[in-house]
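Observations on the three-dimensional arrangement
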Amino acid sequence: MSKIEIYTRPGCGYCTHAKRLLAGQGLSFVEYDVYQHPQYLARMQLRTPGNTYPQILINDVAIGGFSELLAMQESKLLPGC
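Computed from a predicted structure; not experimentally measured.

1. Thoughts on unusual backbone geometry
- Of note, the bond from Tyr53 into Pro54 is cis; its omega dihedral lies within 30 degrees of zero at -5°.
- By the secondary structure assignment, Pro54 is in the loop between helix H2 (39-47) and strand S3 (55-58).
- Its identity is not glycine, yet Asp60 carries a phi of approximately 70°, on the positive side.
- Here Asp60 shows up in the loop between S3 and strand S4 (61-64).

2. Some thoughts on the environment of Tyr7
- Within the secondary structure, Tyr7 is located in strand S1 (residues 4-8).
- Linking Tyr7 and Thr48, residues 41 residues apart in sequence, is a C-alpha distance of 9.9 Å.
- Apart from residues no more than four positions distant in its own chain, Tyr7 is found in contact with Tyr32, Val34, Tyr40, Arg43, Met44, Arg47, Tyr53, Pro54, Gln55 and Leu57.
- There is a polar contact of 3.0 Å between the side chain of Tyr7 and the side chain of Arg47.

Thresholds, definitions, all that
Starting afresh in each chain, residues are numbered from 1 along the sequence in its written order. The predicted origin of the model limits local features to residues at a pLDDT of at least 70 and limits the giving and counting of side-chain atom pairs to 80 or more, whereas totals for whole chains, interfaces and linings rest on all residues. Only heavy atoms go into the side-chain values, all of them from the structure, while hydrogens and water stay out. Put simply, DSSP marks the helices as runs of H or I at least four residues long and the strands as runs of E at least two long, and each gets a number from the N terminus on. Contact between two residues is taken to exist if any of their heavy atoms lie within 4.5 Å; hydrogens are not considered. Throughout this description, a polar contact denotes any pair of N or O atoms lying within 3.5 Å of each other; where both atoms belong to protein, one of them has to be capable of donating a hydrogen while the other can accept it, and for residues adjacent in sequence the pair is counted only when both atoms sit in side chains.

Below is the structure:
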């Protein structure tokens, strides 16, 4: 099974959409809320090139944000699709 991680912040609509898409596909993920746990922000910056939310990693590879996740799902490239 693929390891999916998502860096989020409160009030982020794209974060909510990404989590719903993953849950809707039956995929489990680990969420890192950078506002509740500020130490995650520095970790996100080291692991991903993006500075917007969400930032998503699959098997330790940064794929981008919600748009990239949606494109993977539509192309049937998302693990479990």
